[in-house]
Amino acid sequence: MTQIKSDLICEIIRKSQTRFLNKKGWTAEKAEACEQSVLEWVKNNACGYRDHYKQQLESYSSGELSEILKSLNESDKDLNDILNKAPAFVEK
């Protein structure tokens, strides 16, 4: 895998994970109130989330990954919403 493709995948996952947590109501504005919940989610799910979507995204071309990143940047969607053919991430 090229460095560009690897970087795209990392940025896509980072953006998607942020959106995923925002949907739970865990935004920066509420960070203090939600800190324990976010820490617990990260402890139990963050690695699995990254691994799950990294595996799904590796088959895409750099151009397709760029389109996915564009879609994430222009919407409130996360990868569960965008990757229709891939299984959604299931939390622990």
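Residues numbered from 1 in each chain as written. Predicted model: local features only at pLDDT ≥ 70, side-chain atom pairs only at ≥ 80, totals over all residues. Heavy atoms only, no water.

Help me out: how do you make sense of helix α1 (residues 3-23) in this one?
Relative to the 30 Å expected for 21 residues at 1.5 Å per residue, α1 spans 30 Å between its end C-alpha atoms, a close match to the ideal helical length. Among all positions in α1, only K5, L8, I9, I12, I13, K15, S16, Q17, R19, F20 and L21 are buried. Backbone geometry just downstream of α1 places G25 in the positive-phi region, at approximately 90°. (Helix = DSSP H or I, 4+ residues; strand = E, 2+ residues; numbered from the N terminus. Expected span 1.5 Å × (residues − 1). Buried < 20%, exposed > 50% of the residue type's maximum accessible area, 1.4 Å probe, protein only.)

It is not clear to me how the confidence of the model for the chain should be interpreted in this structure. Could you clarify?
As a general rule, the predicted coordinates of low-pLDDT regions are not to be interpreted in detail. Residues at a pLDDT of 70 or more form 91% of the chain, whose mean pLDDT is 87. Mean pLDDT in the chain bottoms out at helix α2 (residues 31-57), which sits at 85, and peaks at helix α3 (residues 62-74), which reaches 95. (pLDDT = per-residue confidence, 0-100.)

Which parts of the structure should I look at to understand the packing of aromatic side chains?
Each aromatic ring pair is specified by the distance between its two centres and by the angle formed by the two planes. For the structure shown, the criterion picks out seven aromatic pairs. With 6.4 Å between their ring centres and 65° between their planes, W41 and F89 make a pair best called edge-to-face. On the criterion of sequence distance, the pair formed by W41 in helix α2 and F89 in the segment after α4 (79-82) is long-range, its members being 48 residues apart. Using a relative accessible area of 3% as the deciding quantity, one classes W41 as buried. Clustering of aromatic rings is evident, with ring pairs tying together F20, W41, Y49, Y53 and F89. (Phe/Tyr/Trp six-rings, centres within 6.5 Å; stacked < 30°, edge-to-face > 60°.)

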